[in-house]
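# Chains, contacts and geometry: an overview
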Amino acid sequence: MSDDSGRIKRGNSTRIVHAGRRKEWTGALVNPPVWRGSTVLYDSVAEMRERQRDTHHRFYYGRRGTPTQWSLADALTEMEPGAAGTLLYPSGVAAVTTALMAVLNPGDELLMVDSAYEPTRAFCDGILKRYGITTRYYDPLIGAGIADMLSDRTRAIFLESPGSLTFEVQDIPAITAIARERGIVTLLDNTWATSLFFPAIPNGIDLTILACTKYIVGHSDVMLGSVTANDAHWDALRRATYALGQHVSPDDAWLGSRGLRTLSVRLKQHEANALAIARWLETRPEVARVLHPALESCPGHDLWKRDFAGSSGLFAFVLNGGDDAARTALIDGLELFGIGFSWGGYESLVIPADPPRSAVKWVAEGSLVRLQIGLEDAEDLIADLAAGLDRFAEARG
Ligand SMILES: *Cc1c(COP(=O)(O)O)cnc(C)c1O
């Protein structure tokens with residue numbers, strides 16, 4: 001099969017393998033080498049002046065990157081059909097904050113999903129507030145009801161779907177349709193699904209954000225973020241990014257590219273393992289609820305089914321009663337799960353989670369445990385968790 005341009009049609013896995021590998025960046029090699037540099041040398045003053053006119057993906061000064069960073073950025077753009085471009089950031093949080101700075105001005109109001117990643121909330125309630133930008137939090141399940149929250153000052157709506165820690169799935173197409181009509185910018189933290197399971201730009205999002213630290217890097221050894229913008233917001237994103245001096249080292253970008261090439265096979269395995277474990281947890285009496293978008297009991301499951309092409313390896317479960325000590329007994333004794341922040345690497349992780357909320361109170365039968373399911377054998381992870389639930393039941397009494 002061919003597309004309009006006569007090229008062979010490219011599915012997601014094919015695109016991940018080929019994207020960003022322009023010959024002028026890779027030379028004779030498969031992967032682009034690590035190009036390090038700060039100063040760029042010009043043949044003449046005239047050339048120097050000419051280059052200043054457009055620096056995107058052209059040698060200008062180290063802060064604008066080299067082919068190593070351009071290759072990864074270009075690949076992430078290709079994963080979002082219709083996108084204008086991508087910029088890289090030294091962390092996912094830097095990507096979130098720069099995207100917000102790019103679109104907001106003093107006096108504006110931002111609508112932020114109540115289930116947003118905690119440091120995203122902290123930026124809104126701290127720096128944005130100091131700069132005269134108001135944040136109002138909305139119910140992740142609000143859907144088209146967002147229309148009732150808009151005011152004359154609403155400049156942007158920030159989405160994260162599924163939400164951090166509690167995994168509610170948002171009605172993204174309903175929200176972006178309303179935002180488009182009213183000239184409001186939409187930003188999505190798409191770290192959980194990545195473009196592979198949810199291409200954001202084709203679904204009406206203006207700026208899509210990835211904490212590449214997670215699945216893109218995939219090996220728990222690099223901090224990295226990205227923002228991909230559509231045509232309408234690409235210039236504003238570039239201006240803010242350059243003005244704030246955001247830059248990623250070529251070594252980190254190189255590791256990001258290396259991770260990206262295997263994203264499709266890794267995500268399939270994360271998905272299969274996580275689903276096996278989530279379904280097993282549902283059968284356990286110590287577990288009140290499993291919060292996993294692919295399970296029918298998850299708030300917004302129907303939307304996940306309608307809009308997403310898959311589910312990744314991060315989810316949570318609510319314990320049946322018990323106190324913090326009982327939850328800690330479960331977690332501390334696990335052998336195969338590391339206790340630590342972040343996720344998206346090849347190894348399983350666990351944290352106790354206590355969701356911060358302001359729009360909708362979080363009510364649950366017990367405390368919350370978040371799991372990142374890695375690439376181990378699922379039955380081994382289940383055995384580890386089974387022993388953990390036994391410890392929990394004993395401590396709960
Ligand atoms: C981890 C995470 C971030 C931040 O990424 P860092 O690279 O750790 O700064 C942003 N959003 C979500 C949903 C995350 O899980």
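Residues numbered from 1 in each chain as written. Predicted model: local features only at pLDDT ≥ 70, side-chain atom pairs only at ≥ 80, totals over all residues. Heavy atoms only, no water.

## So, the side chain of Asn190
Let me state the cut-off plainly: In DSSP terms, a helix is any run of H or I states spanning at least four residues, a strand is any run of E spanning at least two, and both are numbered starting from the N terminus. Only heavy atoms matter for contacts: two residues are in contact if any of them lie within 4.5 Å across the pair.
Topologically, Asn190 is positioned in the loop between strand S5 (185-189) and helix H8 (194-197). In this structure, Asn190 is in contact with Glu80, Ser195, Phe198, Ala200, Thr208, Ile209 and Leu210, ignoring residues within four places of it in sequence.

## Looking at the sheet that holds S5
Condition: Strand pairing is assigned whenever DSSP detects at least two bridges linking the two strands. Angles run from 0 to 180 degrees between N-to-C directions of axes, and those axes are lines fitted to C-alpha atoms, restricted for helices to the stretch in contact.
Strands sit in the order S1-S7-S6-S5-S4-S2-S3 across an open sheet of seven strands; the sheet is mixed. Edge positions in the sheet fall to strand S1 (85-89) and strand S3 (134-138), since each has one partner strand and no second. Geometrically, the sheet is characterised by an average inter-axis angle of 20 degrees between neighbouring strands, direction not taken into account. Bridge count for S5 against strand S6 (residues 207-210) is three bridges, and the pairing is parallel. Bridging across to S6, Leu187 finds its partner in Leu207. Across the sheet, helix H5 (residues 92-103) lies against S1, strand S2 (109-113), strand S4 (154-160), S5, S6 and strand S7 (225-229), angled at about 160 degrees from S6, the strand it touches most.

## What to know about the domain arrangement of the chain
Rules: Annotation comment: domain bounds sourced from an automatic or database domain assignment. In short, buried area is how much 1.4 Å probe accessible area vanishes from two parts on joining, totalled over both. One speaks of a salt bridge when a side-chain nitrogen belonging to Lys or Arg is within 4 Å of a carboxyl oxygen belonging to Asp or Glu. For this analysis, a polar contact is any N or O atom pair within 3.5 Å, provided that within protein one partner can donate a hydrogen and the other can accept it, and provided that sequence-adjacent residues contribute only side-chain to side-chain pairs.
With domains assigned, the chain is organised as domain 1 (12-260) and domain 2 (263-396). Placing a centre on the C-alpha atoms of domain 1 and another on those of domain 2 gives a separation of 28 Å. At the interface, 37 residues of domain 1 touch 44 residues of domain 2. Approximately 3400 Å² of surface area, both sides summed, lies buried where domain 1 meets domain 2, with 65% of it carried by carbon and sulfur atoms. Area buried by domain 1 at its contact with domain 2 is led by Trp192, Phe197 and Tyr215, which between them contribute 25% of it. Inspection of the domain 1/domain 2 interface yields two salt bridges. Close ionic contact of Arg306 with Asp171 constitutes a salt bridge, the shortest N to O distance being 2.8 Å. There are 21 residue pairs in polar contact (both at pLDDT 80 or more) connecting domain 1 and domain 2.

## Looking at the packing of H5 against helix H6 (residues 118-130)
As a reminder of what qualifies: What sets the label is the angle itself: under 35 degrees gives roughly parallel, over 145 gives roughly antiparallel, 65 to 115 gives roughly perpendicular, and the rest give oblique. Each crossing is labelled by how the near helix is turned from the far one, with a counterclockwise turn of less than a right angle marking it left-handed and a clockwise turn marking it right-handed.
The interhelical angle for the contact between H5 and H6, taken along N-to-C directions, is 45 degrees, at an axis separation of 10 Å. Comparing their axes, H6 and H5 come out oblique. The chirality of how H5 crosses H6 is right-handed. In this structure, H5 uses Val93, Val96, Thr97, Leu100 and Met101 to contact H6, whose residues at the interface are Pro119, Thr120, Phe123, Cys124 and Leu128.

## Thoughts on the packing of aromatic side chains
Rule in force here: In summary, the pairing rule links any two rings of Phe, Tyr or Trp, Trp by its six-membered ring, whose centres are within 6.5 Å, and it sorts them by plane angle into stacked for under 30 degrees, edge-to-face for over 60 and tilted for everything else. Remark: exposure states derive from per-residue accessible area (1.4 Å probe, protein chains only) relative to the maximum for the residue type, with buried under 20%, exposed over 50%, and partly exposed in between. Put simply, a charge is over a ring when the Lys NZ or the Arg CZ is close to the ring centre, within 6 Å, and near the line of the ring normal, within 35 degrees.
Inspection of the entire model under this criterion finds six aromatic pairs. Judged by centre distance (5.3 Å) and plane angle (80 degrees), the ring pair of Tyr215 and Trp343 falls under edge-to-face. With Tyr215 in the loop between S6 and S7 and Trp343 in the loop between strand S10 (338-339) and strand S11 (349-353), this pair connects stretches of sequence that are 128 residues apart. The burial state of Tyr215 is the same as that of Trp343; both residues are buried. Following the ring pairs from residue to residue traces out a cluster consisting of Trp25, Trp35, Phe59 and Trp70. In this arrangement the basic side chain of Arg64 is found over the ring face of Tyr242, its NZ or CZ atom lying 3.7 Å from the centre. A cation sits over an aromatic face here: Arg121 above Tyr137, 4.2 Å from the ring centre.

## Section: the environment of Asn273
By the element assignment, Asn273 lies in helix H11 (residues 263-282). For the pair formed by Asn273 and Glu286, sequence separation is 13 residues and the distance between their alpha carbons is 21 Å. Among all residues touching Asn273, those that are not within four sequence positions of it are Ile373, Gly374, Leu375, Glu376 and Ala378.

## Some remarks on the site of the ligand
For clarity, the threshold we go by: The near set for a molecule or strand comprises every residue that places at least one heavy atom within 4 Å of it. Note on areas: these come from Shrake-Rupley sampling with a 1.4 Å probe, and a residue is covered only by the protein chains present in the view. Any residue that is not Ala, Val, Leu, Ile, Met, Phe, Trp, Tyr, Cys, Pro, Asp, Glu, Lys or Arg is counted as polar, Gly included; the first ten are nonpolar and the last four charged.
Taken together, Ser91, Gly92, Val93, Tyr117, Glu160, Ser164, Asp189, Ala211, Thr213, Lys214, Met223 and Trp343 form the complete shell of residues around the ligand. One nitrogen or oxygen atom from the side chain of Lys214 is found 2.8 Å from an oxygen atom belonging to the ligand. Trp343 places a side-chain nitrogen or oxygen 3.0 Å from an oxygen atom of the ligand. Here the ligand has 380 Å² of accessible area as a free molecule, and 92% of this is covered by the chains. Of the residues contributing to the shell around the ligand, the split by class is five nonpolar, four polar and three charged.

## Re the state of the cysteines
Worth spelling out the cut-off: The disulfide criterion is simple: two cysteine sulfur atoms within 2.5 Å.
According to the stated counting rule, one finds zero disulfides in the structure shown. Cysteine Cys124 is unpaired, with the sulfur of Cys212 as its nearest cysteine sulfur at 20 Å.

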